[in-house]
Amino acid sequence: MERKIKTVILVPTTLEMEKITRIIQPYSDVITEISGVGAIRTACKTAEVINRYSPAQIILAGIAGAYPDKGITKGECVIVNTEYTADAGSFSEGTFTPKFKERFSCPYCYDYSGRTDIKSLKIVASNSVNAAGFPYAETTFVQIENMEGAAFFNVCLEKKVRFLELRAISNTVGEDFSKWDITEATENLAKTVKMFI
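Keep in mind that what you see is a predicted model, and the values were worked out from it rather than measured. (Residues numbered from 1 in each chain as written. Predicted model: local features only at pLDDT ≥ 70, side-chain atom pairs only at ≥ 80, totals over all residues. Heavy atoms only, no water.)

### Focus: the nonpolar core
Ile 9, Ile 20, Ile 58 and Phe 196 are the most contacted members of the largest nonpolar core, which has 51 residues in total. Discounting chain neighbours no more than four positions away, the residues touching Ile 9 are Ile 20, Ile 24, Val 30, Ile 31, Thr 32, Glu 33, Ile 59, Ala 61, Val 193 and Ile 197. Judged by nonpolar contacts, the second largest core, of 10 residues, contains Tyr 67, Ala 125, Val 129 and Val 173. (Core = buried A, V, L, I, M, F, W, Y, C linked by side-chain atoms within 4.5 Å. Buried < 20%, exposed > 50% of the residue type's maximum accessible area, 1.4 Å probe, protein only. Contact = heavy atoms within 4.5 Å.)

In structure tokens:
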């Protein structure tokens with residue numbers, strides 16, 4: 001008999017996947033897949049797993065950077081409500097002009113607002129960029145930055161599948177990689193993913 005998959009959890013890298021895989025072991029109807037880093041890999045993988053498994057829900061879970069002075073701290077987990085394509089544009093005479101900035105929203109992230117265990121999670125907006133710390137991104141209305149979210153939202157909306165994006169903050173945007181706290185972020189991310197399966 002073919003295994004029925006209720007939830008697919010996409011994670012960009014093996015670093016993020018390791019702890020999540022341990023936590024979901026008791027659940028026979030939940031699987032994890034590596035999406036790869038960036039928009040292109042994530043869009044392709046998202047479409048692939050939706051077509052293959054027809055899951056009831058799909059969750060993108062990964063680490064992210066928080067913009068300074070936005071009230072988001074390292075290790076904190078958040079739910080992403082809105083994704084912006086922040087770096088699609090052109091340079092002219094040293095100035096960046098966003099030309100293809102799109103906004104994607106998740107219609108499902110407030111469905112959990114009645115649960116006391118989830119109320120502590122902030123709901124945030126994010127920039128999706130191809131280069132971490134993209135210095136020309138508009139940050140007025142966003143709190144975090146990642147590299148996959150907008151592509152994931154776009155495919156899920158097109159495919160009309162229930163979806164959610166969870167992020168754990170590993171760093172401040174622009175911070176040297178040596179200062180990132182990936183261990184705490186991935187541990188907290190795995191615990192948070194468990195709340196939604």
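### Section: the side chain of Ser 128
If you trace the backbone, Ser 128 turns up in strand E8 (residues 122–128). In this structure the side chain of Ser 128 is engaged in a polar contact, spanning 2.8 Å, whose partner is the side chain of Glu 83. Setting aside anything within four residues of it in sequence, one finds Ser 128 in contact with Glu 83, Tyr 84, Thr 85, Ala 86, Asp 87, Asn 146, Glu 148, Gly 149 and Ala 150. (Helix = DSSP H or I, 4+ residues; strand = E, 2+ residues; numbered from the N terminus. Polar contact = N/O pair within 3.5 Å; in protein donor to acceptor, adjacent residues only side chain to side chain.)

### What about the pattern of salt bridges?
Summed over the entire model, instances satisfying the criterion amount to 10 salt bridges. Between Glu 18 and Arg 22 there is a salt bridge; the shortest N-O distance is 3.5 Å. Taken together, the positions of Glu 18 and Arg 22, both in helix H1 (residues 14–24) and 4 residues apart, correspond to about one turn of that helix. Among the salt bridges present, the one from Glu 48 reaches Lys 45, with a minimum N-O distance of 3.4 Å. Residue Glu 48 and its partner Lys 45 are located together in helix H2 (residues 39–53), separated by 3 residues, close to a single helical turn. Residue Lys 45 is classed as buried on the basis of its relative accessible area, which comes to 16%. Taken together, the shared-partner salt bridges connect Glu 33, Lys 45, Glu 48 and Arg 52 into one network. (Salt bridge = Lys/Arg side-chain N within 4 Å of Asp/Glu carboxyl O.)

### Some points on the environment of Asn 146
On the secondary structure map, Asn 146 appears in strand E9 (residues 144–146). For the pair Asn 146 and Asp 117, spaced 29 residues apart in sequence, the C-alpha separation works out to 25 Å. Not counting residues within four places of it along the chain, the set of residues in contact with Asn 146 comprises Ala 64, Glu 83, Ser 126, Asn 127, Ser 128, Val 129, Glu 165 and Arg 167.

### Points about unusual backbone geometry
Positioned with a positive phi, Ser 54 is a non-glycine residue whose angle comes to about 45 degrees. Residue position: Ser 54 is located in the loop between H2 and strand E3 (57–66). You can call Ser 54 partly exposed: its relative accessible area is 48%. Not every positive phi belongs to a glycine, and Lys 160 is a case in point at roughly 55 degrees. Residue position: Lys 160 is located in the loop between helix H3 (149–159) and strand E10 (162–172). Accessibility expressed as a relative area gives 73% for Lys 160, which makes it exposed.

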